[in-house]
Amino acid sequence: MRGDHIFVQRLRGLFTHHGIDCGDGTVIHFTGETWKTPRSVQRTSLKSFARGGVIEVRDYRDFFARLKQPEQLPRRLQIQMRRELSRLTGRGGSVTAFAADAVIARARSRLGGREFNIAINNCEHFATWCKTGLEDSEQVYALWRSVLDPMKYMNLRRADFLTALFEPGRRPGKGRE
């Protein structure tokens, strides 16, 4: 549906690719091949986005439930999460995502952007930001939760370490506009 955060499994479920459904048969998402052309936010067809996979819609109930329980995060992040939760809280204390028009407007505002970073600005961060205003990637967090403690993870995010690791030929901090 228009304004939905959609995703599709890639490499037999090894990771997921995310975008925003524009409701007209197109999706806005990060695409491109780093070694040939830089990844950028583009509008493509649903078929091109899916590449033969099954398109699913992200359910934000768990996401918003996590926002209500930031106690396991460092203090600075707890404050940020509570501030964002307050902003997202509607009447009656329920938490809501942006309306479809706002989600699509946010996605369009990033068209052509080349600020891709696998650790801190990937397709899932982008789609979640369009929907909620928060940049978040469950698959990145899940990976690093199994390997590192939260503070080491945050230091790696700042250093652009993962971009250099997963994108040979690019040095940390390079390639951003």
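Anything mentioned here points back to the structure above.
In this numbering scheme, every chain counts its residues from 1 along its sequence in written order. pLDDT decides what is reported in this predicted model: residues at 70 or higher carry local features, side-chain atom pairs at 80 or more are listed and counted, and totals for whole chains, interfaces and linings draw on all residues regardless. With hydrogens and water excluded, all non-hydrogen atoms of the structure serve as input to the side-chain values.

1. A few points about the pattern of salt bridges
Salt bridge criterion: a side-chain nitrogen from Lys or Arg within 4 Å of a carboxyl oxygen from Asp or Glu. Scanning the model with the defined rule gives five salt bridges in all. The closest approach of N and O atoms between R61 and D59, which form a salt bridge, is 2.5 Å. In this scheme, a residue with accessible area under 20% of its type's maximum is buried, one over 50% is exposed, and one in between is partly exposed, where area comes from a 1.4 Å probe on protein chains only. Exposure remark for R61: the relative accessible area of 63% places this residue in the exposed category. According to the relative accessible area criterion, D59 is partly exposed, its value standing at 40%.

2. Points about the pairing of strand β2 (residues 15-21)
Of all seven residues that make up β2, six are buried, and the element is covered over most of its length. Here the rule is simple: two strands pair whenever DSSP picks up at least two bridges between them. Strands are runs of DSSP state E lasting at least two residues, helices are runs of H or I lasting at least four, and both sets are numbered from the N terminus onward. For strand β1 (residues 5-10) and β2, the ladder comprises six bridges, and the chain directions are antiparallel. The partner of I6 across the bridge, within β2, is G19. Following β1, the chain reverses through four residues before pairing antiparallel with β2; L11 in that reversal takes a positive phi of roughly 45°. Pairing of β2 with strand β3 (residues 26-31), which is carried by two bridges, proceeds in the antiparallel orientation. Among the inter-strand pairings, I20 is bridged to a residue of β3, identified as I28.

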